[in-house]
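# Fold and geometry: a report
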Amino acid sequence: MIEKKHIGFIGTGVMGKSIVKHLLSSGHKVSIFTRTKEKAQDLIDMGAKWAQSPGEVASQVDVVFIMVGYPSDVEDVFYSEQGVFANGKSGLIVVDLTTSKPTLAIELYEKALTYGMSLLDAPVSGGDVGAKLGKLSIMVGGDKEVFDSITHLFKLFGEHIVYQGNAGAGQHTKMANQIAIASNMIAVCEAITYAKKAKLNPETVLQSISMGAAGSWSLSNLAPRMLKDDFEPGFYIKHFIKDMGIALDEAKTMGIQLPGLEMAYLMYQNLAEQGFENEGTQSLIKAYNK
């Protein structure tokens, strides 16, 4: 019988909201904070306890998950006067699910130790669908014993949970994930464009190629949305641009060149400049629909 913990969650956006629902439905007490309380009202109605700040969450719980947008948001959650470091208690386990900078993950890990806290960097992949189904991929960096102590919590919203190594390893793994997705999204769009130009039924084409050697998560889950002109965000373009920018910076630091990633980055930046930054990443097909 696993002891139920008081869990905190900071940042209940598209994916975070679904994760909180899994935590609540498993019987855990959950305290939450997000910048716009109204957007979390359904979670409050389900039994989540509202807190006024990240620090108030951290002061109440045993484990706190963080899922915000940008590295600057992560820094604010940790370092502000109403943040985790200033208000969390010794022994607190902090899990950053945000896709952020590996260097920041290492910095926060080391800082957390000075407060008697433990920190894991644990970015996820799977988008809104994976979060709703509780089948996210979770890549974790930090102390192995801390990871082992809360693996049962990861299993409530994740299906593929892999410990990657020391602090920062989770974020580096997520960069590899985003690099693979970036070039694959171009390939998916070009396959659909080709099928249409060849006067094929693209839905029928997907039935064949999604199950063969060309199969991928994006082909199975995002290509159908492209065909329906469904551009609602499972993952925002603006956040994908952020991720690709981090990966390119890391690649430069390591002295490697990633031309596929560079091409995808420029294509998505162009879409953002056209006003599509708040749409889902499947909107890349718009670059071909001309």
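Residues numbered from 1 in each chain as written. Predicted model: local features only at pLDDT ≥ 70, side-chain atom pairs only at ≥ 80, totals over all residues. Heavy atoms only, no water.

Looking now at the packing of aromatic side chains. According to the stated counting rule, one finds 12 aromatic pairs in the structure shown. Between Phe147 and Tyr163 the ring centres are 5.5 Å apart and the planes differ by 35°, which places this aromatic pair in the tilted class. With Phe147 in helix α8 (residues 144-154) and Tyr163 in strand β9 (residues 158-165), the pair connects residues that are 16 residues apart, well separated along the chain. Phe147 sits in the buried class, given a relative accessible area of 7%. For the ring pair Phe240 and Tyr268, a centre distance of 5.2 Å and an interplane angle of 80° mean the geometry is edge-to-face. A residue pair is termed long-range when its members are at least 10 positions apart, and Phe240 in helix α13 (residues 237-254) and Tyr268 in helix α14 (residues 259-276) qualify at 28 residues. Its guanidinium or amino end placed over the ring of Tyr163, Lys144 lies 5.8 Å from that ring's centre, counting from NZ or CZ. Sitting over the ring of Phe231, Lys286 keeps its end group 4.4 Å from the ring centre. (Phe/Tyr/Trp six-rings, centres within 6.5 Å; stacked < 30°, edge-to-face > 60°. Helix = DSSP H or I, 4+ residues; strand = E, 2+ residues; numbered from the N terminus. Buried < 20%, exposed > 50% of the residue type's maximum accessible area, 1.4 Å probe, protein only. Lys NZ or Arg CZ within 6 Å of the ring centre and 35° of its normal.)

Neither face of strand β4 (residues 63-66) is left uncovered, since the one carrying Val63 and Phe65 and the one carrying Val64 and Ile66 both have all their residues buried. Across four bridges, the pairing between β4 and strand β5 (residues 93-96) is parallel. In the strand pairing of β5, Val63 is matched with Ile93. (Pairing = 2+ DSSP bridges.)

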